[in-house]
Amino acid sequence: MATASQRRVETGVRGFDRLVEGGLFEGRLYVVSGPPGSGKTTFSTQFLVKGALEGKTCFFLSMHETKEELVNDMSSYDFGLDRANKRGRIEFLNVFSEEAKRVLFRSSNTTGQSSPDALAKRIVSFADSHDVDRVVIDSMMLLEHFFNDAEEDISRFLTRLKQASATVLLISEMTDPSAYTKEHYLGHGVIFLHNYLGTAGMQRGIQIVKMRGTGIDCDIRPVEFTDNGIEVDPDAKLEA
């Protein structure tokens, strides 16, 4: 079983690391939640790119899009995905690809024949065998698609996933930050991205709901989408 270190890793999201004492603890599992369009995938991609440009090996597991689609979607930003991709530092798997079926499911179909524990074990094994430092899983809908007993499956999946040596970001689709789910209880940290209509119009913000071993205030900080991706204003606050 992997033991999380006390070393912090920078996320690559400007302004965010000031809110978490310099970065995320290496080797832990973090949940990035929020409604559609709030910036979860952008935040997570910046996290991978930061590691890749530092020479780290990174892994993006998606059930939503192909590598080409992700690169195209992020092409308007200047945070360096194209450079990281050219350097070959980001391994990409779509769960519906033939390669993913072989690596993760050991099967030529996607009928859910693998157990959640076995799937998480294979993700961890893949990451460890490839010396992966950072992992993004997009998203928790993966379990809803492949397994039947979501409540029990999520617990088993996350418990096994926490054994990875890599730092893992798990994307979770949700709209209510107070409606806690299994992944929020089992993750070492929970980052919630807000996207709502406020008195001043559309508001985007980020809130650290939980972060073990780190002093946080749970305030909602403004988020802006810039040419460099998501940027956080750590000195300002938003009212929900």
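Data block above holds the structure.
What this report covers is the structure whose coordinates are included nearby.

Definitions and cut-offs
Residues numbered from 1 in each chain as written. Predicted model: local features only at pLDDT ≥ 70, side-chain atom pairs only at ≥ 80, totals over all residues. Heavy atoms only, no water. Helix = DSSP H or I, 4+ residues; strand = E, 2+ residues; numbered from the N terminus. Pairing = 2+ DSSP bridges. Axes fitted to C-alpha atoms, helices over the stretch in contact; angles between N-to-C directions. Contact = heavy atoms within 4.5 Å. Phe/Tyr/Trp six-rings, centres within 6.5 Å; stacked < 30°, edge-to-face > 60°. Buried < 20%, exposed > 50% of the residue type's maximum accessible area, 1.4 Å probe, protein only.

1. Some points on unusual backbone geometry
- Cis geometry is adopted by the peptide bond preceding S139, which originates at D138 and carries an omega value of 15°.
- Backbone geometry places D131, a non-glycine residue, at a positive phi of 55°.
- Checked against the element boundaries, D131 lands in the loop between helix 5 (116-129) and strand 6 (134-138).
- For C218, which is not a glycine, the phi torsion comes out positive at approximately 65°.
- Tracing the backbone through its elements, the reader meets C218 in the loop between strand 9 (201-211) and strand 10 (220-226).

2. Looking at the sheet that holds strand 6
- The nine strands lie next to each other as 5-4-6-7-3-8-9-10-11, forming an open sheet whose pairing is mixed. Each edge of the open sheet is held by one strand with a lone partner, namely strand 5 (90-94) and strand 11 (229-232). With direction set aside, neighbouring strand axes in the sheet form an average angle of 25°.
- In this sheet, strand 8 (residues 189-198) lies alongside strand 3 (residues 29-34) in parallel orientation, the contact comprising four bridges. The residue of strand 8 that forms the bridge with Y30 is G189.
- Each of strand 4 (58-62) and strand 5 touches helix 4 (residues 98-105); the most contacted strand, strand 5, lies at about 95° to it.

3. Some remarks on the packing of aromatic side chains
- Counted according to the given criterion, the structure contains four aromatic pairs.
- Seen in terms of ring centroids, F60 and F92 are 5.3 Å apart; in terms of plane orientation they differ by 10°. Their pairing is stacked. Remark: F92 occurs in strand 5 and F60 occurs in strand 4; sequence separation between them is 32 residues.
- F60 sits in the buried class, given a relative accessible area of 1%.

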